[in-house]
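A structural walkthrough
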Amino acid sequence: MELRRAVQRLNDRGLHIAAKWAAERLCDLAQPPSNAMGVQPSDIPIGSHPTNNEGKDMEDTLNDNYLLARSYFQNREYARAAKVLEKSSGHKAKFLRLYATYLLGEKTKEEALSAQRGLLESPRFVNKELVNIYRKLGEDYPNNLDHFGLYLYGAVCAALKQKDRARTVLVEAVKCYEWNWSAWMELSSLMDSRQLLEATRDSIADSVMRKFFVIHCASELSLKAHMSPEAEWNQLQAYFPESLLLERLEGVWHHNTRGTDAEFEKAEQYFKRVHKKDPLSLDNMDLYSNALYLKENRADLYQLAQQAFKIDRYRYETCFIAGNYYALRGQHDLAISFFERAIKLNRNYVEAWILIGHEYMELRQGQAAIEAYRRATDIRPNDYRTWYGLATGYRLLNIPHFARMYFERAASLQPLDQRIWLALGEIYLTSKYLQEAAQACKRALKLGGDLWAAQRLAEALSAAGVPNFSPTEILQANIAYVEMAESQHKFEEQPLPREIEDALVCIITHYRHEQNYGKALAYASKCENTERGRSLKAEIEAEAQAQAREEAGHGLDEASSGTDYTTRDRGLDGTDRPLSHSGYPPAPLAPHRDPQYHGFPR
């Protein structure tokens, strides 16, 4: 079977992660494919393209120098492995020599980086072997490279920031040989947008590997708002009904959607089920720890951290889980130290860079947080959390222009996250973009419908005023906020929260100018335990009594004179004055709160 041969071929070339992936899929296929979903085996192509290098590969495998080099490679003696194969000319030998050289450069770079004093300093070291490998592979491209050579050439192009060329070469590599999951993963790191993913998908023939690739990329790009690879899910589940990988991908999909708490609930359920079935695996357990953190489930997070340390204390997932545990306990310095350990084990670990930024924000160290988020955006520019973090950092440093720009970028990447729209509404309010603030708050309220969103919408509409929004719209927003606050027993708090009092004053002012004193007094009674509320209630009662006396004593005179009292207001001195064309003045806006940093997307 092709998968079985793939495991052997990938192991022969030192691609152990791809070999493990293929072996796991081979075991998942132990049972015949299920047709419960109406999917026939012939509907899913699982074959691979034929290759013309089988005989030459066999010669390399039987070569004594190759066997020695592979032994050195497995012991991480990359320089010796490359030296042994200097005079070998086969495709397999050439790949192993150049791959060992590549890993030697990575090892040297990591050693230099570990000696760098500060983790947040700009990295000054690169893989010095990249240019040499690029030149050698470029001489053989495109005619004299086999599929593994194409994969290595694409990976080197990506490392040298030649993204377009890297995508082209990697697409060729997966077309020639689809079972190299490492090539698919390298290609997925170059998918910066939904449009690019769809174009790449359409350029590759349908197969099992392409379906895994699409689901993986859609999860990483958080594309639930734009696309849902439901067909791919159904077909893969028909072929791999008991696959833990598919359950993990389900968990990653819901975790990375990050739109609502319900999504995190689903993610936690999938990860918990996977962990129970395979307790010795740490794959995606870092994301499981995120879900536990957000649920504030300290007991389960502690158990997960203990188990991770017993399995392998030097895995970056283990350090990440420990960092989440200490973050939940409020020990932010200790959490940062564990996240930094995770990054030293995996320099491109975006999740850890993001959470380092979050922890620095908790410590109110905005500049350090911005540096961490910057590093995350360099690695994964399509992750909205990095831009959200950057915006929050600049808001802390009181630089609203950059904060607004980065919040807008985050909203474009993840339009289903209520927190982004709320933060964007607040920064618009601060910057006096009142209409934009109201629109952002409306979007947030539509997504979540919670008290905080209702409050910000009421404040935004009241601040924008009648020239921008109708009095009825402003009134309805404030009434909705007051009713929601009352349903959540916020009126029982003493003293009454200032923002609730402001909304009540806005409502009272509206009804007062309409001379609807009954409703004005009803809302005034809700805030009569405040000084402003008592004063308003007394004024409204006096106006109501004056109106009643006037109507009783001069009703006939008014009818004959035709005076229109619906357009006039009575001042405190008892004289009439016309209302302004703008209706009623907006209620005073509540003092701007300090940003609430506990709600970071994880």
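Residues numbered from 1 in each chain as written. Predicted model: local features only at pLDDT ≥ 70, side-chain atom pairs only at ≥ 80, totals over all residues. Heavy atoms only, no water.

1. Things to note about the overall build of the protein
To be explicit about the condition: Runs of E in the DSSP output that reach at least two residues are strands. Runs of H or I that reach at least four are helices, and both are numbered from the N terminus. For every residue, the accessible area obtained with a 1.4 Å probe (protein chains only) is divided by the maximum for its type, and the residue is called buried under 20%, exposed over 50%, and partly exposed between those limits. In this analysis, two residues are considered to be in contact whenever any of their non-hydrogen atoms come within 4.5 Å of each other. Residue burial considers only the protein chains on display, and all accessible areas are found by Shrake-Rupley using a 1.4 Å probe.
Looking only at helices and strands, the protein has 30 helices and 2 strands in total. Here the protein, with 602 residues, has 50% of them falling under the buried criterion. Pairs at least 24 residues apart make up 61% of the contacts formed inside the protein by residues separated by at least 6 positions. In the structure as shown, the protein presents an accessible area of about 28,300 Å², 50% of it carried by carbon and sulfur atoms.

2. Remarks on the packing of helix α6 (residues 91-114) against helix α7 (residues 130-140)
Inclusion rule: Here an angle of 0 to 180 degrees is reported between the N-to-C directions of two axes, which are lines fitted to C-alpha atoms, with helices fitted over the stretch in contact. Geometric relationships in this document are graded by angle, where less than 35 degrees denotes roughly parallel, more than 145 denotes roughly antiparallel, 65 to 115 denotes roughly perpendicular, and other angles denote oblique. The handedness criterion is simple: a crossing whose near helix is rotated anticlockwise from the far helix by less than a right angle is left-handed, and one whose near helix is rotated clockwise is right-handed. Residues are grouped as follows: nonpolar covers Ala, Val, Leu, Ile, Met, Phe, Trp, Tyr, Cys and Pro; charged covers Asp, Glu, Lys and Arg; every other residue, Gly included, is treated as polar.
The contact between α6 and α7 brings their axes to 9 Å, and the two run at 155°. Judged on the interaxial angle alone, α7 and α6 are roughly antiparallel. For the element pair α6 and α7, the recorded crossing hand is left-handed. Along the contact surface, α6 presents K94, L98, T101 and Y102, while α7 presents L130, I133, K136, L137 and D140. Among the residues making up the contact of α6 with α7, the classes are represented as 5 nonpolar, 1 polar and 3 charged.

3. Brief notes about helix α13 (residues 230-239)
Within α13, the full set of buried residues consists of E232, W233, Q235, L236, A238 and Y239. Taken together, the buried residues of α13 touch α12 (208-220) and α14 (244-257).

4. As for the packing of aromatic side chains
Geometrically, a pair of aromatic rings is defined through the distance of the ring centres and the angle of the planes. Rule in force here: Any two of the Phe, Tyr and Trp rings considered here, Trp counted by its six-membered ring, make a pair once their centres fall within 6.5 Å; the pair's planes then place it as stacked at under 30 degrees, edge-to-face at over 60, or tilted in between. Definition used: whenever NZ (Lys) or CZ (Arg) falls within 6 Å of the ring centre and also within 35 degrees of the ring normal, the charge is taken to sit over that ring.
Tallied over the entire structure, the rule returns 28 aromatic pairs. Relative to Y153, the ring of Y141 has its centre 5.2 Å away and its plane inclined at 50°; by these criteria the two rings are tilted. In this pair, Y141 is assigned in the loop between α7 and α8 (147-159) and Y153 in helix α8, connecting sequence segments 12 residues apart. Taking relative accessible area as the criterion, Y141 reaches 19% and is therefore assigned buried. Classification of Y153 by relative accessible area gives buried; the value is 1%. With 5.3 Å between their ring centres and 65° between their planes, Y325 and Y326 make a pair best called edge-to-face. Exposure remark for Y325: the relative accessible area of 11% places this residue in the buried category. Each member of the aromatic cluster is reached from another via a ring pair, and the members are F73, Y78, F95, Y99, Y102, F148 and Y177. We note R25 situated over the ring of W21; from NZ or CZ to the ring centre the distance is 4.9 Å. Here the guanidinium or amino end of R341 rests over the ring plane of F338, the centre of that ring lying 4.5 Å away.

5. Some remarks on the packing of helix α21 (residues 366-379) against helix α22 (residues 384-396)
Interhelical geometry of α21 versus α22 gives an angle of 160° and a closest axis separation of 9 Å. One way to sum up the angle between α21 and α22 is to call them roughly antiparallel. Crossing of α21 against α22: the hand is left-handed. Of the residues in α22, those touching α21 at G366, I370, Y373, R374, A376 and T377 are T386, W387, G389, L390, G393, Y394 and L396. Residues belonging to the contact of α21 with α22 are distributed by class as follows: 7 nonpolar, 5 polar and 1 charged.

6. Observations regarding unusual backbone geometry
Geometrically, the link from Y141 to P142 is a cis peptide bond, its omega value of 5° lying close to zero. Within the secondary structure, P142 is located in the loop between α7 and α8. Of note, the phi angle at E296 is positive, near 55°, even though the residue is not glycine. Relative to the elements of secondary structure, E296 occurs in the loop between α16 (285-294) and α17 (298-311). Since its relative accessible area comes to 62%, E296 is described here as exposed. Of note, the phi angle at N398 is positive, near 60°, even though the residue is not glycine. Inspection of the secondary structure assignment puts N398 in the loop between α22 and α23 (400-413). Judged by relative accessible area, which is 63%, N398 ranks as exposed.

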